[in-house]
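# Geometric and topological summary
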Amino acid sequence: MAKARSLAIAVDFLGREAFDRLSGDLVHQGVIALLEPVEMLDLDSFLGGFNSMELPSPLVMVDGVLDPRNLGALLRTCDAAGVKGALMPKRRVAPLSPVCAKASAGAMFTLPLVRCGNPANTILGLKKMGYGIAALSLEGEAVYGTRFPDPLLVVIGSEEKGASRPVLKISDWKVRLPMRGQIDSLNLSVAAGIFLYTQIDMGRK
């Protein structure tokens, strides 16, 4: 509370019923923050802040992730792994809702979120800039442990369908993690985390 007041953040005390009305279906645990809408960066402006020799890498593109909890968990994973930005298409992506914010454990406010258009068209533009494209897919090759060159864009599709067909068609690599048990897939944020940690030199800032 003292920290909030030192930053000129207003603090109010409410009864349980007021908390329940504000939180809806969320478990609030006695604390709720009311925030301004999350700022979305424009792709051209975001990339314009870097020179051609030091393009941000890796980037992650969300392709068809419609569950806000899955999206939030993915953003949390991206932030933890050191991803430089998450590309969010205008369509077929979960909203940046309170549910997403909670699942992200705050990463929704720390990771650069970049608005982009059609995923396939965006990828073609990034390829012209020198980006390699790795899409996680159950139909891909088990290349766990392979280090792909920078700059790299990693595409994460939905748990049900994975990355879309147009995206897979133009990707440089279709990556499948080895599955050694009876289950043939992982939660998308878990799969993303495993792959990202093979790509990022954690000693590099």
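Summarised in this report is the structure supplied together with it.

What counts and what doesn't
Residues numbered from 1 in each chain as written. Predicted model: local features only at pLDDT ≥ 70, side-chain atom pairs only at ≥ 80, totals over all residues. Heavy atoms only, no water. Helix = DSSP H or I, 4+ residues; strand = E, 2+ residues; numbered from the N terminus. Expected span 1.5 Å × (residues − 1). Buried < 20%, exposed > 50% of the residue type's maximum accessible area, 1.4 Å probe, protein only. Contact = heavy atoms within 4.5 Å. Polar contact = N/O pair within 3.5 Å; in protein donor to acceptor, adjacent residues only side chain to side chain. Salt bridge = Lys/Arg side-chain N within 4 Å of Asp/Glu carboxyl O. Axes fitted to C-alpha atoms, helices over the stretch in contact; angles between N-to-C directions. Parallel < 35°, antiparallel > 145°, perpendicular 65-115°, else oblique. Left-handed = near helix turned anticlockwise from the far one by under 90°. Phe/Tyr/Trp six-rings, centres within 6.5 Å; stacked < 30°, edge-to-face > 60°.

### Some thoughts on helix 4 (residues 68-81)
Here helix 4 spans 20 Å end to end across 14 residues, near enough to the 20 Å set by a 1.5 Å rise per residue. Of the positions making up helix 4, those classed as buried are Asn70, Leu71, Gly72, Leu74, Leu75, Thr77, Cys78 and Ala81. Residues of helix 4 that are buried in the fold lie against strand 2 (59-63), strand 3 (85-89), helix 5 (98-103), strand 4 (113-116), strand 6 (152-157) and helix 8 (188-199). You can read the cap of helix 4 off the contacts: a side-chain oxygen lies 2.7 Å from the backbone nitrogen of Arg69, and it is on Asp67. With its phi angle positive at about 90 degrees, Gly82 sits one or two positions after the end of helix 4.

### Examining the pattern of salt bridges
A complete count under the given rule lists 3 salt bridges for this structure. The salt bridge involving Lys127 is made with Asp172; its shortest N-O contact spans 3.4 Å. Linking Lys127 in helix 6 (residues 119-129) with Asp172 in the loop between helix 7 (165-170) and strand 7 (173-176), this pair joins segments that are 45 residues apart in sequence. The exposure class assigned to Lys127 is partly exposed, which follows from its relative accessible area of 29%. Looking at Asp172, the relative accessible area reads 37%, which means it is partly exposed.

### Overview of the packing of helix 4 against helix 8
One can describe the packing of helix 4 onto helix 8 by two numbers: an axis separation of 8 Å at closest approach and a directional angle of 15 degrees. Taken together, the axes of helix 4 and helix 8 are roughly parallel relative to one another. When you trace helix 4 past helix 8, the crossing you get is right-handed. Seen from helix 4, the contacting residues are Asn70, Ala73, Leu74, Thr77, Cys78, Ala80 and Ala81; seen from helix 8, they are Leu188, Ser189, Ala192, Gly193, Leu196 and Tyr197.

### Topic: the environment of Pro112
With respect to the helices and strands, Pro112 occurs in the loop between helix 5 and strand 4. In this structure, the C-alpha to C-alpha distance between Pro112 and Met40, residues 72 residues apart in sequence, is 7.8 Å. Setting aside residues up to four positions removed in sequence, Pro112 forms contacts with Leu41, Phe46, Lys84, Gly85 and Ala86.

### Re the packing of aromatic side chains
Enumeration over the complete set of coordinates arrives at 3 aromatic pairs. Between the aromatic rings of Phe46 and Phe50, the centroid separation amounts to 5.6 Å while the plane-to-plane angle is 70 degrees, which identifies the pairing as edge-to-face. According to the relative accessible area criterion, Phe46 is buried, its value standing at 10%. The partly exposed category is assigned to Phe50, whose relative accessible area is 36%. With 6.0 Å between their ring centres and 50 degrees between their planes, Phe148 and Phe195 make a pair best called tilted. Taken together, the residues span a long stretch of sequence, with Phe148 in the loop between strand 5 (132-142) and strand 6 and Phe195 in helix 8 at a distance of 47 residues. On the basis of relative accessibility, which here comes to 6%, the residue Phe148 falls in the buried class.

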